[in-house]
Amino acid sequence: MLLYIHIPFCDSKCSYCAFNSYVDKFAQREKYMHALSLQLTYEFKRFDVSETNLIETVFIGGGTPSTVDPHLYSNIFQTIRPFLKPNAEITSEANPNSATYEWLEGMYALGVNRISFGVQSFNDTKLKILGRAHNTTHALEAIKNAHEIGFQRLSLDLIYGVKGDTKELLTNDLEQAFSLPIDHLSLYALTIEEHTAFEKTPELAREEIEMTEWLFEQIESRGFEQYEISNFGTTKSAHNLGYWKGKDYIGLGAGAVGFLKNTRFYPSTDIEHYISNPLEITEELLDENALLGEKLFLGFRSCVGVEAALLSPKQKSEADLLVNETILEYQHGRYFNPNFLLADEIALRVEGY
Ligand code: SF4
């Protein structure tokens, strides 16, 4: 069982961002955190959380979790602490400008043991284009502070495929990243989403497959294994792996999503509505085809692979054909995809049979 907590507050809106986040709702922070506690207690019953059904990982995402003071998280941590697996991975996302030394120290004291920093680039001009609120100095300082405080597990996000990217710029991004005490890196191609500032300038997204492959090689040559299309590390994120393995997850907060067996849960995305009605949660029932489709897409995009026993005889013979074509690999009853860039194509091919 995994737990995701959504913090929908941000200092400013990045130009590419379509996440559920608000820059003008800080006054709601305390009430929001209280509503999270109410939903948490409710979800613990629904998900049957107990001493024999513990929480394996926690991920605080957003939005920007570092815009909320650690003491406002303490009730939530008090509730979850008795139900955490020993050595549970507890990650918080953070932005370099708001993850101050005090914030990092406070979260460490609560039990957070992994920080994922939204760095995106170490080039200040590119950061400005992306509409980020921090600069390179903030990023370097925040990550060094986190390490000094005692965080052993640190990750950062980088964005590529932006107009103006060159191999030189991206090499500098990687060199700066690898000069830091990180064990994990997430790499995302810029995509243009509806209702973002970039919507009107789609030409800013310039992903070229040759550059993507080059970046993958560069990261792997520095010793970080690619274990999903966008994720690399010497240590894998147990929370991410949990999603891809199809584990149940509690989704807490405005804009979060939960999943239990065959049902998805959607709390309200509107902060005020969520605060007044944290238990008003929409349910979506997934049929067997939808569940299998998800397993195929997630499995082929990651090191998790796809269990052969889940496939129909026709789907299995299509997967075997892909093994013969050396596109897929087969081991111990599972199909694995060694080239994540082909994942969607492979999933569609197998699913169609
Ligand atoms: S900090 Fe993250 S969630 Fe907030 S606006 Fe930027 S990309 Fe979106």
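Relevant structure appears above.
This one's a predicted model, so the numbers in the text were calculated from it and none came from an experiment.

A closer look at unusual backbone geometry
Next, step 1: Of note, the amide linkage connecting glycine 62 to glycine 63 takes the cis form, showing an omega dihedral of 20°.
Next, step 2: By the secondary structure assignment, glycine 63 is in the loop between β2 (55-62) and α2 (74-80).
Next, step 3: Positive phi, close to 55°, is recorded for aspartate 48, a residue that is not glycine.
Next, step 4: Relative to the assigned elements, aspartate 48 resides in the loop between α1 (29-46) and β2.

Regarding the packing of aromatic side chains
Next, step 1: Going through the model one piece at a time under the given rule, you end up with 13 aromatic pairs.
Next, step 2: Following the ring pairs from residue to residue traces out a cluster consisting of Phe9, Phe26, Tyr32 and Tyr274.

Section: the site of the ligand
Next, step 1: Around the ligand sit Cys10, Ser12, Lys13, Cys14, Tyr16, Cys17, Phe19, Ser21, Gly63, Thr64, Asn95 and Arg132, and those are all the residues in its vicinity.
Next, step 2: Here the residues of the shell around the ligand are counted per class, giving five nonpolar, five polar and two charged.

Describing the pairing of strand β3 (residues 84-94)
Next, step 1: Examined bridge by bridge, β2 and β3 share five bridges and lie parallel to one another. Paired with isoleucine 60 across the strands is serine 92, a residue of β3.
Next, step 2: As for the winding sense of the linkage, the β-α-β connection from β2 through α2 to β3 is right-handed.
Next, step 3: Both β3 and strand β4 (residues 114-120) contribute to a ladder of four bridges, which runs parallel. Residue pairing across strands places glutamate 93 opposite serine 116, the latter belonging to β4.

Observations concerning helix α6 (residues 167-178)
Next, step 1: Over its twelve residues, α6 runs 16 Å from end to end, which matches the ideal 16 Å to within 8%, given 1.5 Å per residue.
Next, step 2: Where α6 is buried, its residues touch β4, α4 (124-130), β5 (153-160), β6 (184-189) and α7 (209-221).

Calculation criteria
Residues numbered from 1 in each chain as written. Predicted model: local features only at pLDDT ≥ 70, side-chain atom pairs only at ≥ 80, totals over all residues. Heavy atoms only, no water. Helix = DSSP H or I, 4+ residues; strand = E, 2+ residues; numbered from the N terminus. Phe/Tyr/Trp six-rings, centres within 6.5 Å; stacked < 30°, edge-to-face > 60°. Near = heavy atom within 4 Å. Nonpolar A, V, L, I, M, F, W, Y, C, P; charged D, E, K, R; others polar. Pairing = 2+ DSSP bridges. Right-handed = clockwise from strand over helix to strand, strands pointing away. Expected span 1.5 Å × (residues − 1). Contact = heavy atoms within 4.5 Å.

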